[in-house]
Amino acid sequence: MATPSLVEPTRRDFLYIATGAIAAVGTAATVWPFISQMNPDASTLALASTEVDVSAIAEGQAITIKWRGRPVFVRHRTAKEIEDAKAVPMSELVDTDARNPNLKGESTEATDANRAAAGKEPWLIMIGTCTHLGCVPIGLSGDFGGWFCPCHGSHYDTAGRIRKGPAPENLHIPPYEFTNDTTIRIG
Ligand code: FES
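A brief look at the structure comes next. Predicted, not measured: the structure shown is a model, and the values here were computed from it.

1. Some thoughts on the overall build of the protein chain
- Helices and strands together make up the secondary structure of the protein chain, namely 4 helices and 10 strands.
- Its C-alpha radius of gyration of 26 Å places the protein chain more than 25% over the 16 Å reference for a compact globule of 187 residues.
- In the protein chain, which comprises 187 residues, the share counted as buried stands at 33%.
- Approximately 11000 Å² of the protein chain is accessible, and the part contributed by carbon and sulfur atoms is 60%.
- If you average the places of the 17 positive and of the 21 negative side-chain charges in the protein chain, the two averages end up 4 Å apart.

See below:
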């Protein structure tokens with residue numbers, strides 16, 4: 001014969017669980033706005049992309065612009081820099097990935113062609129933070145004629161690829177495109 005004592009605790013258990021669940025949802029709803037307010041605000045999101053006029057950057061020169069709070073190098077390479085970068089066999093690279101989100105082809109190898117702007121090989125556009133611990137490397141320096149990071153001695157070549165030192169990866173390339181011959185939209 002079924003005793004009421006078997007039914008009672010089940011009903012009470014259900015009430016406990018239901019009350020607990022409601023309390024948990026209520027707490028999450030209260031806490032969420034406090035966490036959410038730390039996300040980027042509308043003015044930061046508005047900087048999601050930026051346009052750069054590169055017409056005044058002569059061959060052999062570079063500028064650094066700021067994009068989403070980070071430095072981005074825009075370098076107009078010389079023929080010699082391009083030649084040097086092309087001459088490097090993949091087997092000599094520390095990181096063989098192009099680190100380029102703009103690649104459309106199948107290969108993501110860190111060839112010079114996969115690092116430079118599509119159809120505009122003199123242009124190298126890279127996020128200017130060292131892939132070791134985030135310092136900003138110095139241009140036209142180091143053992144490979146590219147960039148040198150003074151923080152812990154990482155050397156990058158003329159395609160921004162890591163060649164020596166503690167940094168594990170090539171300088172990353174941001175999403176960008178040339179909107180006309182002299183304008184780049186980054187982001
Ligand atoms: S941050 Fe560049 S080498 Fe350490």
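Still more to cover.
2. A few points about the pairing of strand E6 (residues 145-149)
- Both strand E5 (residues 138-139) and E6 contribute to a ladder of 2 bridges, which runs antiparallel. Bridge pairing links Gly139 to Trp147 in E6.
- Hairpin connection of E5 to E6: 5 residues between the antiparallel strands, including Leu140 at a positive phi of 50°.
- Note: E6 against strand E7 (residues 154-157), 4 bridges, orientation antiparallel. Opposite Cys149, over in E7, you have Ser154 as the bridge partner.
- The loop that links E6 with its antiparallel partner E7 comprises 4 residues; one of these, Gly153, has a positive phi angle of about 75°.

Basis of the calculations
Residues numbered from 1 in each chain as written. Predicted model: local features only at pLDDT ≥ 70, side-chain atom pairs only at ≥ 80, totals over all residues. Heavy atoms only, no water. Helix = DSSP H or I, 4+ residues; strand = E, 2+ residues; numbered from the N terminus. Rg over C-alpha atoms; globule rule 2.2 N^0.38 Å. Buried < 20%, exposed > 50% of the residue type's maximum accessible area, 1.4 Å probe, protein only. Areas by Shrake-Rupley, 256 points an atom, 1.4 Å probe, with all protein chains shown as cover. Lys, Arg positive; Asp, Glu negative; His and termini not counted. Charge placed at Lys NZ, Arg CZ, Asp CG, Glu CD. Pairing = 2+ DSSP bridges.

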